[in-house]
Structures are given as structure tokens and as C-alpha cells.
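Notes for the structure review
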Amino acid sequence: VRIERKDFALGVRIEHPQSIIDAAMYHCAVRDPYLPPASYSLVQQVNGLGVYSFCMCPGGIIAPCATAPDEVVTNGWSPSKRNNPFANSGIVVGLSPNELQRDTDRNDPRASMHYQHAVEQAAWRAGGMRQSAPAQRMDDFINGRVSRDLPACSYQPGIVPYAMDEVLPPEVAGRLREGLKEFGKKIRGYRTNEAVVVAVESRTSSPVRIPRDRDTLEHVEVAGLYPCGEGAGYAGGIVSAAMDGQRVADRVALRYAER
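Thresholds, definitions, all that
- Residues numbered from 1 in each chain as written.
- Predicted model: local features only at pLDDT ≥ 70, side-chain atom pairs only at ≥ 80, totals over all residues.
- Heavy atoms only, no water.
- Helix = DSSP H or I, 4+ residues; strand = E, 2+ residues; numbered from the N terminus.
- Rg over C-alpha atoms; globule rule 2.2 N^0.38 Å.
- Buried < 20%, exposed > 50% of the residue type's maximum accessible area, 1.4 Å probe, protein only.
- Contact = heavy atoms within 4.5 Å.
- Phe/Tyr/Trp six-rings, centres within 6.5 Å; stacked < 30°, edge-to-face > 60°.
- Lys NZ or Arg CZ within 6 Å of the ring centre and 35° of its normal.
- Expected span 1.5 Å × (residues − 1).
- Lys, Arg positive; Asp, Glu negative; His and termini not counted.
- Salt bridge = Lys/Arg side-chain N within 4 Å of Asp/Glu carboxyl O.
- Polar contact = N/O pair within 3.5 Å; in protein donor to acceptor, adjacent residues only side chain to side chain.
- Patch = residues over 30% accessible without salt bridge, like charges linked within 9 Å, V, L, I, M, F, W, Y side chains within 5 Å.
- Areas by Shrake-Rupley, 256 points an atom, 1.4 Å probe, with all protein chains shown as cover.
- Pairing = 2+ DSSP bridges.
- Axes fitted to C-alpha atoms, helices over the stretch in contact; angles between N-to-C directions.
- Core = buried A, V, L, I, M, F, W, Y, C linked by side-chain atoms within 4.5 Å.
- Arc of directions from axis to C-beta.

1. Things to note about the overall build of the chain
Of the regular secondary structure elements, the chain holds six helices and 11 strands. The C-alpha atoms of the chain give 20 Å as radius of gyration, which agrees with the globular expectation for 259 residues (18 Å, within 12%). Dimensions of the chain, computed from the C-alpha atoms along their principal axes, are close to 65 × 50 × 35 Å. The proportion of buried residues among the 259 residues of the chain is 50%. Here the analysis covers contacts within the chain between residues at least 6 apart in sequence; of these, 74% occur between residues at least 24 apart.

2. Some points on the packing of aromatic side chains
The description of two aromatic rings rests on the distance between their centres and on the angle between their planes. Enumeration over the complete set of coordinates arrives at three aromatic pairs. Judged by centre distance (5.3 Å) and plane angle (85°), the rings of Tyr40 and Tyr190 are edge-to-face. Here the residue Tyr40 occupies a position in the loop between α1 (18-26) and β3 (43-46), and Tyr190 occupies one in the loop between α5 (170-186) and β10 (196-201), the gap between them amounting to 150 residues. In this structure Tyr40 comes out as buried when scored by relative accessible area, which is 6%. Directly above the ring of Tyr234 sits Arg209, whose terminal nitrogen or CZ lies 5.4 Å from the centroid. Residue placement shows Arg255 over the ring face of Tyr256; its charged tip is 5.8 Å from the ring centre.

3. As for helix α3 (residues 111-126)
Residue pairs three or four apart in sequence face the same way in an α-helix, which turns once every 3.6 residues. Taking 1.5 Å per residue, 16 residues should reach 22 Å; α3 reaches 23 Å between its end C-alpha atoms and fits that length. For α3, the full list of buried residues reads Ala111, Ser112, Tyr115, Gln116, Val119, Glu120, Ala122, Ala123, Trp124 and Ala126. Looking one or two residues past α3, Gly128 carries a phi angle of roughly 95°, positive in sign.

4. Quick notes on the side chain of Glu15
Considering the arrangement of structural elements, one finds Glu15 in strand β2 (residues 8-17). Although Glu15 lies buried, it forms no salt bridge, and the closest oppositely charged side chain, Arg13, sits 8.1 Å away as judged by the N-O distance. A distance of 2.5 Å separates polar atoms of two side chains, one belonging to Glu15 and the other to Ser154. Setting aside its immediate chain neighbours within four residues, Glu15 contacts Gly60, Ile62, Phe86, Ala87, Asn88, Ala152, Cys153, Ser154, Glu194, Ala195 and Val196.

5. Focus on a nonpolar patch on the surface
The grouping of Val1, Val222 and Leu225 at the surface amounts to a nonpolar patch, some 240 Å² of accessible area in total. By the element assignment, Val222 lies in the loop between β11 (208-209) and α6 (238-258). By relative accessible area, which is 32% here, Val222 ends up partly exposed.

6. Side note on the sheet that holds strand β7 (residues 86-95)
Taken together, the seven strands give an open sheet; going across it, the order is β3-β4-β7-β2-β10-β8-β9, and neighbouring strands pair in mixed fashion. Two strands lie at the open edges of the sheet, namely β3 and β9 (159-161), each paired on one side alone. Mean inter-strand twist for the sheet, computed between neighbouring axes without regard to direction, equals 30°. Bridge count between β2 and β7: 10 bridges; the pairing is antiparallel.

7. What to know about the nonpolar core
One broad trend across soluble globular proteins is that nonpolar side chains are buried collectively. Residues Ile14, Ile91, Ile159, Leu168, Leu176, Leu180 and Tyr190 are the most contacted members of the largest nonpolar core, which totals 49 residues. Once residues within four sequence positions are removed from consideration, Leu180 is found in contact with Ile14, Ile91, Met138, Phe141, Ile142 and Tyr190.

8. Description of α6
Between its first and last C-alpha, α6 extends 31 Å over 21 residues, near the 30 Å set by a 1.5 Å rise per residue. Burial in α6 covers these residues: Ala241, Asp244 and Val248. Viewed end-on, α6 has its buried residues packed into an arc of 70°, placing them on one side of the element. Exposed residues lying more than 90 degrees from the buried face of α6 are Ile238, Val239, Met243, Gln246 and Ala257.

9. What to know about the pattern of salt bridges
One pass over the structure, following the stated rule, counts 16 salt bridges. For Arg110, the salt bridge identified is with Asp108, shortest N-O distance 3.6 Å. We note a salt bridge from Asp139 to Arg191, for which the minimum N-O separation is 2.6 Å. With Asp139 in helix α4 (residues 138-143) and Arg191 in the loop between α5 and β10, this residue pair connects regions lying 52 residues apart in the sequence.

Quick look at the structure:
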């Protein structure tokens, strides 16, 4: 089945005490109990590519989401009451296949997927070859300092001090550092050593796309195959995947109705 490389994003989970985000967004020292835990959305262009927040989880939890041995992958979620004492968000860097392409990769549509997996394996080794995640205080990361200790964190397998520059590729770590500096200017108190950077957030979007016809949504070579959703490269989250699935289902239904 023909597949293609596509743009994707890779970065970290960043967790603050929820009280810091509440104070910044509501402009008060203590959040009114009738107000929900505050959230944020951030984006910044760095060297022509985006650094942005993804799946921000107020009152949330960082969760382990590895799908294979010897890798560490994080994601985030919020319980329905949003009552956890932490706020976490993916902060990721947009990556172009052309930027990552080496001479040996030119004919391999899975090259970006291999790149993604290599970073996840690096996080696993840095975390002690278990599901503990490598982590660094935010301002320590920005200033290139090793964190001697780490704040409390919702990630249940645990976090261990480690320099992000030794886990993330330079094209990710460098842009991430510059993006965080700008985020600190946009939200007062966002840039702080009370926040922790946890590696690695690598599944925001698929590094491959299964091509389909623009009108029929059928695979360009394989009849009856309808690529859809996140894994096929047509969505970047729960809602967009559901909408794409509905769109494909409509096309399938139309095809059989015409018969």
C-alpha cells in the first residue's frame, strides 16, 4: 500500500502547578471557586516553523502512552472535574520531512517515523530503560543548566533529572527553547522553574500519510481502501479524527447507494 512522508510535530509535555496558570489567566492570586481551572493556547514562529501548545489539560495528568517496548511516550488528559493540582500541555515543534531528509532516506516514506521512534527510544534510555520519563525544570532547560532536583509531577511512573538537549534532536531542542522564551512574554509567570519539561510528546500527528483520491476518498491505488483518521495522516486529535471518519463513511455510503 503506497504511503508518503508528511509534516509532523515532536516535543515535550510541560507541567505547571494549576495555581500558576490560574493566576496568570484570571489575573488574581486565588481562583474563584466558581471559575473552572484555566487553560491556555500558545503558538510562536521560530525559524519559519511553528512551536505551539497541543492538547492542553487543565487540572490534568501526564500519562504514559508507549505502544511498543523500549520507548517512552507521554500524553495528557483531564478528569471530568479538572481537579488535579497540575496543568499540563504538549509543547511541540513542527518538523518538515525536507529538513530531516538525508541521502539515505530519499526513497523511504517511513523515514520520519524512524526519526520519531529514535527519539522515543532515547527518552526510554534516559529514563533508566523503564517507563520513568526524563525531565528538566523549564528555566534550567532554557538556560542550559542540569536540574539538581525536580518538582512534584503527575506522571505516575516517575520522572528523573536529565538534560533535554541529550534526548531531543538539536532542531527540536533549539526551537523549543526559543519558543518557551516567547511564551514567557505572552503569559506572565509561564516561564518558571516550578514548571517541569517531560520527554517525549511525539504522537501529536502521524509522520506518514496514506494517499487518497480528493473526491472519492479512496486510496489512489487500492480499490475499496479508505484511509482516514490520525494514523492515515488526516487528523490531529479526537474531534478531527471523528469528523474525518464521518466524512469517509458518507463517501462509502454514497458509493453503495449509487449501485
